[in-house]
Structures are given as structure tokens and as C-alpha cells.
Amino acid sequence: MSTLDTDYNDDPVCAAIHAAEEVRDPLEGIVGRTGTNPGAAFAPEVLERLAALKRHDRAAFEAVRAQLKNAGCRVTALDDAVSEESAEAGGRSPKQADILIGLAQTAELFRTPDGTGFADLDINGHRETRPIRAKGFRRWLARRFFEETGGAPSSEALQSALNVIEAKAHFDAPERQVHVRVGGLDGRLYLDLGDETWRAVEIDATGWRVIDNPPVRFRRASGMKPLPVPLRGGSIETLRSFLNVQTDADFVLVVSWMLACLRDRGPYPVIVLSGEQGSAKSTFSAILRTLLDPNTAPLRALAREDRDLFIAATNGHVLAFDNVSGLPAWISDTLCRLATGGGFAVRQLYSDQDEVLFDAARPVILNGIEDIVTRPDLADRAIFLTLEPIPEERRRPEQELWATFELERPRILGVLLDAVAKGLAELPRTKLDKLPRMADFALWATACETALWPSGTFWSAYCGNRDEAVDGVIDADPIAAGVRALMTTRTEWTGTASELLGALADMAGERIAKAKTWPDSPRALAGRLRRAATFLRKIGIDIDFDREGRARTRIIRITTRQSFTTETGRARPSAWSAPFADRPKLIPAKGFGSHGLRTVGGDADGSRTDSGSIVRDNSLKINAETDADGADANCRLRSEPEKTGTLAWRARL
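Residues numbered from 1 in each chain as written. Predicted model: local features only at pLDDT ≥ 70, side-chain atom pairs only at ≥ 80, totals over all residues. Heavy atoms only, no water.

Caption draft 1: Structural view of the overall build of the protein. Across its full length, the protein carries 21 helices and 22 strands. Across the 653 residues of the protein, 49% fall into the buried class. For the protein, the share of sequence-separated contacts (at least 6 apart) that also reach a separation of at least 24 residues comes to 66%. In the form shown here, the protein has an accessible surface area of approximately 31,100 Å², with 49% of it arising from carbon and sulfur atoms. (Helix = DSSP H or I, 4+ residues; strand = E, 2+ residues; numbered from the N terminus. Buried < 20%, exposed > 50% of the residue type's maximum accessible area, 1.4 Å probe, protein only. Contact = heavy atoms within 4.5 Å. Areas by Shrake-Rupley, 256 points an atom, 1.4 Å probe, with all protein chains shown as cover.)

In C-alpha cells form, the structure reads like this:
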């Protein structure tokens, strides 16, 4: 007797089939016969036997069907023939695709503004959101099919069902936003914890809490790792012990950047870390991303084309690029769009004309040994930190560092969330006397700061960082540096672009004038001047473009102001009027360790003691915490503009 025999509970039709099998089972040897004759499976007695088997033993039927498919049988036609032979209602059983479409009715379908279909799935009592075309939804649908029928759907049936399900999501379902890691709705922010139960942190002006089913939808990209459940009662100073920051101002800017990342909208300044080998740039970058958007590959190489950058921005909230040696012009422009919000469009398939669109802003981390940001438009959107080498006596094993960090991570996240809640409460009434390029970021950081520091702390740190960026970018641009040098001994220059190009080339020398970075035409020079004009204006050099005479000749007019005000509010002499040798030298002041400075041979801020020395305090006061920071005793110091208020500044030689 065949192994396919079964008890059909006295059903008349089945009893007749069973009696016929006592003579010969039509399915015996059917696989072998199909291999030589593909039509063997369509014999009436075989179809009748398959129809009965499908009704009463679906798993056995699917096994025979799979064997016939491997033998060369056209299973799609076989399914139709078996359905016609079936004695079920209407004489036809539902196809696999129909079953799959019916099973998908238990999911809540919707679409995003760009037309991508999504489904909300109820799994073990919690909601999960999956793209219809992604593997996660296909696996869920295949599992539901197995639970319903005991078999596996064919790839053809699954593809047909997905086409119909996607069409229903596009035409018959509502439109919703889908977020990656951070979302917002009705004045509240939501942070996806990334855990198995799809919980999120809800933040509003009254505080934060962990909730099970957030009202916003999140998408889980490949590589995303969960955040810890945040805890209350932490201190922001705990974070400082894990970061190689040398000044209070740098630490304030790092925390402000992190608070911006926890917001659902940009702009997000690009944070640029530079320093020699051994300054923990990669560890610094990895800690920032692990706190905000952990990933199995937290640091990556810089993208080689817009498409790679688009994919990274689609699948992560924070982008961290490690060991960057230089930024080509195209990627510098792309990072500008990514910082303030801009669109990407890439072709979906090389065989069609459809596009995949991305229109959002993302926080970006760049680190490298050299000064990698040299273009003014990106520098105006960036925060620059220079990391000092870590002395051997202060180094820690990486395993120990990360183990300690993991213990403190929930409380560090909790104190950041406290500051975000404060920012939501204060933002409607937060104002600044003047707005910088990244105005929304500055307003947000100012609104959050009183949860951590006194009012005005962020603005002092940010303006000082921007003033430093001006000098760095001008030094890196040979045209901007040439204009600065040209205007050192004069107050005005007027002429054509050709005349200016010649004058700058004479000053720069043959080697620089023949370099690839030097403009090769007057028109190229005009473009470079327009790009550098913003930062030159900040050091007191104005560039105007005009036309004169009947011939409407293009004229460039460069003028200097005798004095001007930096963003810090201090008056600054124009265009490097004083020789560098005449500037005051800053050395550590005795009795203050690394926290104080005295100025020798000049006045740093217009005041002088009897001994010709100026002593600066450097204690950053933190709300609810006044302990002095002595972690930087071995740090090299950097000179900073004099600031007022509660923020103390360390100077670096």
C-alpha cells in the first residue's frame, strides 16, 4: 500500500479512491514518469488523486507538488487543473496568491508621501512596521501561509500577492510618515529604542517616558541596534570622562550637537573632529553614534558617490565617516544639503526611469588627521573640534572603556532627554539678538541649555568656534588668503577679474599659481571670490561686483573696514593689521594649574595688571553641580577670544 494512503472517515468519494488504490495508486512513480513525460501529471486519475490529497493532507500534497516541479512539471497549470478537479464549493479551490492576499487583510496598510507601501503588523501583542517589499513582510506573510495551510507558497504566488497588496496600500490606504530612530508628532518627540517589542521614548515639555505603542511609525533598517532604556538621575559630566575634549567650550558644543540629533528636524551641523594619531578620533565618533543611533557598523568610509550617501542617509539617523583624508567638491556640496535638508534622487533600476527620492536632513560626523573642511559653505554649517594626543599615562584599555561606558549609557541618555524636554518647553519663547547660518540649531541649543548650564553658555561657545573656523578656512583657500594678504597694506582695490588674478598670482608665486587649486580663468576667480566672500566679510574685507562705463565692464571692488565686530561681540582689527610677532603669548598662570592663563607682553582683552599679566578663570559652572574639572591637567592649550558670562575658556598654544 502507498505511503500516501490516509483515513478519509468514510467519505464516499474518498472511499472510492481508497478502493482504487488497493489495485494501484496513480501517484506511484508519477515523479519519474513526469521527468520523461511532463504531461503525465495531468492524467485524469492523477488529478483526481491530487485533488483528494490536497483536501485531506495539504502537507503531503505540497511535498508531491514540489517533487513534480523539480521534475519539470508546470505547477501553475497543474494547480489550475487540480482546482478544477476539486469537489470543493464552486468546483474550484482558492489559489495560493488569493490565500496570501486574504491573510494580508489582518495587516494595516498605508503609504508614505513618496508612495512606498508599508504594513503595520500585530506580532505578539505589539506593532511592527515593515515595508511591503522588504524581507520582513515577506517572511511574515510566508509564515502566516504555513500556519493556515501547512505548506509553503510558491515564489510566483508570493510575488503576485505582493503586487496586489502594494497596490492596495498605494490606492486604498491612508498616507503616513515613517521615521528612522527619531520622529515627531503634535509637539512631541519620539525616540525609537530599537528593542524587540518596538518601544519608544515619548518626550514633551513636561518630561519623558517609555511607551509601548508610539503614535508615529518607525522603520528598522539593517544594522540598527537597540538603545538602552534611559534612567533618571544622571549627570552630563559623566559623559565628559569618555570624550577627549580639552576645553569647556568644546564639551558644550558636543552636548549641544547631541541635543540637536535628538530632534526630528534639521538643520544639523556637521561635527568635524581633527587631530593627530592617538587623539581618539574614532573612539570619540563611535561613542557619539552609540549614544544616539547605535549600529553594527558605526563608523564607515566616506561615500564615493551620491547614491552611497543616499543609501546611508535612508538607513540611519546619524552618519559617521572615519579617517577622512579630504573632501572632494561634490561631496562637500552634498554634505551641505544633508546638513540643512535637501533632496536626493537616484534611479531605482538601471532598466527603468523611476526614481527613488530622499528629502531630509541627517546629523553627520567627520573625523580626520588634516583640516578636511576647506570650503566656506560647509564650514559655515560645521562645528570644529581639535583633539589633543592622549598621553600614555592617561590611556585606558578599549575593553575597559566600553564596559564602563555601557554601565553609564542609560543615565547619560536620560540626562540628554531631560535637556530635550526643557528645550521643548523653552523653545517658543527663546530668542537670539542675531541669527547665525544654522539659526534653528542655535535656537534649539539655547532653549535646552538651561537644563545643563546657565543661559548664554552655548552662544559664547558657538560664536568662538565660528570665529576660529573663519581663520582656518581662509588659510586653506589660496584665493581667500591672497585677498587677505593683498588688503593688508591698503583699504581699497578696484579692477577687473583678470587684473585681480594677475595681482594675486604675483603675490602667491609661481608654484601656487600653477597648482590645480588655483583658478585658471577670470570667470573661475569670480566664482571663487563669491564663495569666499562670506568669510572674508567676517574679517573686515568686503567684495562687491559691479559694472562700469558704457561697455558695462565687470569691476571687482575690494574694501577693508578699519574695525569690525566678530560674532563673539568683540571688536577686532581689520585684515591682520598687527604683525603676528606683536600678539600676546599665552602661558599657564602659576597657581591655577591648567585652568588659568596669564598674558605676557601684551593685552589680550584691553586690561592689564601692574605686572603686565592677565589671569583668566576657567571653571565652567554647571547647574546643580560645581565640582572643578581637573581632567585636563596634561592638555596642550589653545588660544580663544575673550568671553564674558559664565563660560570659561581654556587657551591652546
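Now that the structure is up, let's keep going.
Caption draft 2: Layout of the packing of aromatic side chains. Tallying each qualifying case throughout the model produces eight aromatic pairs. For the pair Phe 251 and Trp 453, a centre-to-centre distance of 6.4 Å together with 80 degrees between the ring planes defines the contact as edge-to-face. Taken as a pair, Phe 251 in helix H10 (residues 248-261) and Trp 453 in the loop between helix H16 (439-449) and helix H17 (457-476) lie far apart in primary sequence, 202 residues in all. For the pair shown, Phe 251 and Trp 453 are each scored as buried. Ring pairing ties together the aromatic residues Phe 242, Trp 402 and Phe 405, which thus form one cluster. Above the face of the Phe 110 ring, Arg 176 is positioned so that its terminal group lies 5.3 Å from the ring centre. Looking at Arg 232, its charged tip hangs above the ring of Trp 208, at a distance of 3.9 Å from the centre. (Phe/Tyr/Trp six-rings, centres within 6.5 Å; stacked < 30°, edge-to-face > 60°. Lys NZ or Arg CZ within 6 Å of the ring centre and 35° of its normal.)

Caption draft 3: Quick look at a negative patch on the surface. A surface patch of like charges, here negative, comprises Glu 45, Glu 48, Glu 84 and Glu 85. Of all the secondary structure elements, the ones that give two or more residues to the negative patch are helix H3 (44-56) and helix H5 (75-85). (Patch = residues over 30% accessible without salt bridge, like charges linked within 9 Å, V, L, I, M, F, W, Y side chains within 5 Å. Salt bridge = Lys/Arg side-chain N within 4 Å of Asp/Glu carboxyl O. Lys, Arg positive; Asp, Glu negative; His and termini not counted. Charge placed at Lys NZ, Arg CZ, Asp CG, Glu CD.)

Caption draft 4: Quick look at the sheet that holds strand E8 (residues 207-211). Spatially, the four strands line up as an open sheet ordered E5-E6-E7-E8, and their pairing is antiparallel. Each having just a single partner strand, strand E5 (182-185) and E8 make up the two edges of the open sheet. Taking the axes of each pair of neighbouring strands and ignoring which way they run, one obtains an average angle of 25 degrees across the sheet. When E5 meets strand E6 (residues 188-192), the two strands line up antiparallel, connected through four bridges. Bridge assignment links Val 182 to a residue of E6, and that residue is Leu 191. Along the sheet face, helix H15 (residues 398-426) touches E6, strand E7 (200-204) and E8 and points at about 35 degrees away from the line of E7. (Pairing = 2+ DSSP bridges. Axes fitted to C-alpha atoms, helices over the stretch in contact; angles between N-to-C directions.)

Caption draft 5: View of the environment of Pro 174. Position of Pro 174 relative to the elements: it lies in the loop between helix H8 (155-172) and strand E4 (178-179). Owing to a relative accessible area of 41%, Pro 174 belongs among the partly exposed residues under this scheme. Aside from chain neighbours lying at most four places away, what touches Pro 174 is Leu 109, Phe 110 and Arg 111.

Caption draft 6: Main features of the packing of helix H12 (residues 306-315) against helix H13 (residues 329-340). Two numbers describe how H12 lies on H13: the axes approach to 11 Å, and their chain directions differ by 25 degrees. Taken together, the axes of H12 and H13 lie roughly parallel to each other. As H12 runs across H13, the sense of the crossing is right-handed. Here H12 contributes Asp 306, Leu 309 and Ala 313 to the contact with H13, which in turn contributes Trp 330, Thr 334, Leu 335, Arg 337 and Leu 338. Grouping the amino acids of the contact of H12 with H13 by side-chain chemistry returns five nonpolar, one polar and two charged. (Parallel < 35°, antiparallel > 145°, perpendicular 65-115°, else oblique. Left-handed = near helix turned anticlockwise from the far one by under 90°. Nonpolar A, V, L, I, M, F, W, Y, C, P; charged D, E, K, R; others polar.)

Caption draft 7: Region of interest: the side chain of Asp 120. Summarising the element assignment, Asp 120 is placed in strand E2 (residues 117-123). Classification of Asp 120 as buried rests on a relative accessible area of 4%. Looking at Asp 120, its side chain comes within polar contact range of the side chain of Arg 217, at 2.9 Å. (Polar contact = N/O pair within 3.5 Å; in protein donor to acceptor, adjacent residues only side chain to side chain.)

Caption draft 8: Region of the structure containing empty space enclosed by the protein. By the definition in use, this model includes two cavities of 30 Å³ or more. A volume near 80 Å³ is recorded for the largest cavity. If you trace the largest cavity, you find 13 residues lining it, with Arg 127, Trp 198, Pro 214, Val 216 and Phe 218 closest to the centre. Of all the elements in the fold, those that place two or more residues in the lining of the largest cavity are strand E3 (126-131) and strand E9 (217-218). Looking at the lining of the largest cavity element by element, the count peaks at three residues for E3. (1 Å grid on protein atoms, 1.4 Å probe; cavity = no way out; pocket = protein on both sides within 12 Å on 5 of 7 lines; lining within 4 Å. Points joined across faces, edges and corners; volume = space filled by probe spheres on them.)

Caption draft 9: Main features of the packing of H16 against H17. Packing of H16 against H17 brings their axes to within 8 Å, and their N-to-C directions diverge by 145 degrees. When H16 is examined against H17, the residues Phe 441, Ala 442, Ala 445, Thr 446 and Glu 449 are found in contact with a partner set consisting of Thr 457, Phe 458, Trp 459 and Tyr 462.

Caption draft 10: Highlighting the sheet that holds strand E15 (residues 382-386). An order of E11-E14-E10-E15 is seen for the four strands of this open sheet, with the pairing classed as parallel. Two strands lie at the open edges of the sheet, namely strand E11 (319-321) and E15, each paired on one side alone. Going from strand to strand, the sheet's axes swing by 15 degrees on average, the running direction of each strand aside.

Caption draft 11: How the structure looks around the environment of Asn 124. Relative to the assigned elements, Asn 124 resides in the loop between E2 and E3. For Asn 124 and Thr 197, which are 73 residues apart along the polypeptide, the C-alpha to C-alpha distance reads 8.6 Å.

Caption draft 12: Structural detail: helix H7 (residues 135-149). With 15 residues, H7 should cover 21 Å at 1.5 Å per step; its first-to-last C-alpha distance of 21 Å lies within 8% of that length. Every buried residue of H7 is listed here: Phe 137, Trp 140, Leu 141, Arg 144, Phe 145 and Thr 149. End-on view of H7: buried residues confined to an arc of 145 degrees, all on one side of the axis. Residues of H7 that are exposed and angled more than 90 degrees away from the buried face: Lys 135, Arg 139, Arg 143 and Phe 146. Considering only its buried residues, H7 is in contact with helix H4 (58-70), helix H6 (96-103), E2, E3 and H8. Of the residues one or two after H7, Gly 150 is the one with positive phi, at around 80 degrees. (Expected span 1.5 Å × (residues − 1). Arc of directions from axis to C-beta.)

Caption draft 13: Structural view of the pattern of salt bridges. One pass over the structure, following the stated rule, counts 33 salt bridges. The salt bridge involving Asp 79 is made with Arg 65; its shortest N-O contact spans 2.9 Å. Of this pair, Asp 79 sits in helix H5 while Arg 65 sits in helix H4, and the two are 14 residues apart along the sequence. As far as burial versus exposure is concerned, Asp 79 and Arg 65 are alike and both buried. Across the salt bridge formed by Arg 143 and Glu 147, the nearest N and O atoms sit 2.9 Å from each other. Here the residue Arg 143 and the residue Glu 147 both occupy positions in helix H7, the gap between them amounting to four residues, near one helical turn. Where salt bridges share partners, they join Glu 108, Asp 120, Arg 176 and Arg 217 into one cluster.

Caption draft 14: View of a positive patch on the surface. A grouping of Arg 523, Arg 530, Arg 547, Arg 552 and Arg 554 is seen on the molecular surface, where their side chains present a positively charged patch. By the secondary structure assignment, Arg 552 is in the loop between strand E17 (541-548) and strand E18 (553-560). On the basis of relative accessibility, which here comes to 48%, the residue Arg 552 falls in the partly exposed class.

Caption draft 15: Summary view of the confidence of the model for the protein. Summarising the model, the protein shows a mean pLDDT of 79, and 78% of its residues fall at 70 or more. Scored below 50 in pLDDT, residues 87-92 shows 10 contacts in the model against residues more than four places distant or in partner chains. When the criterion is pLDDT under 50, residues 573-619 qualifies, and its contacts beyond four places in sequence or with other chains add up to 93 contacts. (pLDDT = per-residue confidence, 0-100.)

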